[in-house]
Amino acid sequence: MTEKTLDLRGLKCPLPVLRTRKALAGSAAGDVLIVSCTDPLAGIDIPTLLRETGDTLEGTHTEARVTIFRIRKR
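What comes next concerns the included structure.

Calculation notes
Residues numbered from 1 in each chain as written. Predicted model: local features only at pLDDT ≥ 70, side-chain atom pairs only at ≥ 80, totals over all residues. Heavy atoms only, no water. Salt bridge = Lys/Arg side-chain N within 4 Å of Asp/Glu carboxyl O. Buried < 20%, exposed > 50% of the residue type's maximum accessible area, 1.4 Å probe, protein only. Helix = DSSP H or I, 4+ residues; strand = E, 2+ residues; numbered from the N terminus.

This brings us to the pattern of salt bridges. Counting across every chain of the model gives five salt bridges. Asp7 is paired through a salt bridge with Arg9; the nearest N and O atoms lie 2.7 Å apart. Given the relative accessible area of 45%, Asp7 is considered partly exposed. Across the pair Glu58 and Arg70 runs a salt bridge whose closest N-O atoms are separated by 2.9 Å. One end of the pair, Glu58, is in strand β3 (residues 56-63); the other, Arg70, is in strand β4 (residues 66-72), with twelve residues separating them in the sequence. Judged by its relative accessible area of 31%, Arg70 falls in the partly exposed class. Each of Glu3, Glu58, Arg70 and Arg72 takes part in a single network of salt bridges with overlapping partners.

Structure (structure tokens):
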């Protein structure tokens, strides 16, 4: 199990969700992906992506207009 960080600050829809999908595709089961986004639509798009892929959203929080997602690959 590894933990990877994906800095997507400054990118606009649909790039955050597309890059998150690509990073998850290259991850092994049990890996954790920490994704940082400034695009407000990521708060909708990334959870929707995870419902499609079956991966787990372990947590979300926002700091200084940056939303941080903690995702576990299934």
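Structure's up, so let's keep going.
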